[in-house]
Each structure stands twice: as C-alpha cells, then as structure tokens.
Amino acid sequence: MVLLGYLFAFAIGSAIGSFLNVCIYRLPRDLSIVSPPSHCTWCNELVRWYDNIPVLSYFALNGRCRHCGTPFSIRYPAIEAVNGLVFVYLAHHFYLHPGAAFEPMMMLISGVLCSALLVVSAIDIERQIIPDEITLSGLVIAPVFSFIYPQLHKCGGPVVGRFTTLLGITDYPRLCALVASLLGMAAAGGFIYVTGFIGTKIFRKEAMGFGDVKLMAMMGGFLGWAGGIAAILVGCIFGAVIGIAIWIFKRESRIPFGPYLSLGCVTVLLFSPHLKRLILWWQETVSGGIREVLT
C-alpha cells in the first residue's frame, strides 16, 4: 500500500508537471494556458491523450512528434519527472513514512509553491525573465494561505511577536500568521532589493532584476522573514558553487538568479530540520575547532 501511495503521488505530480510545461512554454509568449489544447508547435497537430502520458509518452515516441517527426525538448519529461519526485517526497514527509505528521494543508501549500518555483526556474533559465503571472499571484496567495493555515508560520518568532503585541492581535493566530506573511514579503523582498542596488553600484551594471525582488517577496510570504532571508543565503551558496562550475566549463558570466533562489526556498521549506542539524554541527565542530586554534 505504501508503494502504491508513492506511485500515486508520482502520477499526480507528473501530471501536474505536464501542465507546468504548458505554462513554461506559453507564459513568456503571452499565450493562453487554457486553449488551444496541447499540440505540436511545428505541424500544429493536436497531441492525443495517449501521446500525452507524463514521462512515458516521450520515450514511447522516441522524443518526437507522431505526425511530423519533429524532436520534442528533453525539458518536457524532465519537468514532469522532477515534479513527480517532489510530490513523492511530500507524500513521504507528510503522510507515508512512520511517524509522519499528517498535515494535508502543508502538503498542498508545499506542492503549490514547489510547482510554481519549477515554472519560474525553467522560464528564467530559458528566457531570463520571471513571469509576473507567478510572482504576483503568489504575493496574493501567500497571505491567504497564511490566514487559512496559521501553522504555516508557527507563530513567527519574537520579531513577529513584537508586531502582533503592538497591534494587539496576539490572541488571534490567523491575524498573527497574516502579519508574519506580510513581514516576510517586506523583509525578503527588501533584502534582495538592497543587495541588487549595492551590486549595481559596485559593478556598474544591473546586478539583480526586479523580477528577483518580486520572486523573493513571494517566497518570504510563505516562509516568513527568517525563512526568506535563509532562502536567500542558501540560494547564494547554490549560485556560487554552480555558477563557478558553469563559468569554468562554459565561460558564461551572466547567470539567472531565479533558479538559485528557488532552490534556496525549496531547501528551507522541505529540509529545514537537516539545515538546523548542519548548522549545529558547524557550530560544534568547525567553529569550535577554529576557536581552539585561535586561543
């Protein structure tokens, strides 16, 4: 039954991934994501349902259109598979493994956010833009989800506590969560804006697009101010490591930052306990060793 649960989660996630591919192709081209139905962009023939089974159909057709033989991008099965695996992890984390805390709302919110970030990352890599349809919608959805499910922010910490005390809403968890979401937007969006402004002054060219600011504000709305800042720092680590590797092998210096911010957000959202353990290990082992050497 557990195996069937994982297979079902993958099927749902990959099916949603198929829709994400539609968004990735159509949003930056200002096309409707509803109509027309999926079709080959070369010969305009409709893709039949049996040729539109996530992941499997791509390999069954050898990655080509059944009608004209035009190759399809490997991105299509990759997005479907990645989103399917994300949903498998969510099902494992929130439901299927022994001792999992059954939190269907948290599972839903995490699935929505991860899927949205997958769309953002793919579009930013391909077109170097971050679609407003995702970020502006997220800026509305994040406070709404926070109000409906206040456990998303777990009281928000002492900073949020001071604001809620000042506003006199401490006894109203939904309003506290709403404040936590709004503060997260302001803190994360403001942090990335100031970072980009300083970088632009130093390097005398645009260091951070405003799309990154809106994206980070959206993430802060889901993660809160501390989680948003943590996502930026983790994203910078990913960006530094992967960016250096890309520069070494491709000599490419201009790299979209959206995918790294998205990786940072997903890491904080889904793996925060592991991050905490890593930080504690660093403090006890590495920092402690450095202090002993210096003293």
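These notes cover the structure that comes with them. Keep in mind that what you see is a predicted model, and the values were worked out from it rather than measured.

**A word on the nonpolar core**
With 46 residues, the main nonpolar core has V119, I192, L215, M216, F222 and L261 as its most contacted residues. Residue assignment for this core shows that the elements contributing at least two residues are α1 (2-26), α3 (75-96), α4 (104-127), α5 (132-148), α7 (173-203), α8 (210-250) and α9 (258-294). Setting aside anything within four residues of it in sequence, one finds I192 in contact with M208, D212, V213, M216, I232, F257 and L261. Of all hydrophobic cores here, the second largest spans five residues; its members include V160, I169, A180 and L183.

**Description of α8**
Look at α8: only 26 Å from first C-alpha to last across 41 residues, short of the 60 Å you get at 1.5 Å a residue. At G224, α8 shows its maximal bend, which comes to roughly 125°.

**Brief notes about unusual backbone geometry**
Cis geometry marks the peptide bond from S35 to P36; its omega dihedral reads 0°. With respect to the helices, strands and loops of the structure, P36 is situated in the loop between α1 and α2 (56-60). Although it is not a glycine, D30 adopts a positive phi angle of roughly 55°. For D30, the position within the fold is in the loop between α1 and α2. For D30, a relative accessible area of 68% gives the class exposed. Although it is not a glycine, V55 sits at a positive phi angle of roughly 65°. Here V55 shows up in the loop between α1 and α2.

**Section: the side chain of S18**
Topologically, S18 is positioned in helix α1. If near-sequence neighbours (up to four positions away) are discounted, S18 is found in contact with N52, P54 and E80.

Analysis parameters
- Residues numbered from 1 in each chain as written.
- Predicted model: local features only at pLDDT ≥ 70, side-chain atom pairs only at ≥ 80, totals over all residues.
- Heavy atoms only, no water.
- Core = buried A, V, L, I, M, F, W, Y, C linked by side-chain atoms within 4.5 Å.
- Buried < 20%, exposed > 50% of the residue type's maximum accessible area, 1.4 Å probe, protein only.
- Helix = DSSP H or I, 4+ residues; strand = E, 2+ residues; numbered from the N terminus.
- Contact = heavy atoms within 4.5 Å.
- Expected span 1.5 Å × (residues − 1).
- Bend = angle between axes of the 7 residues up to and from the residue.

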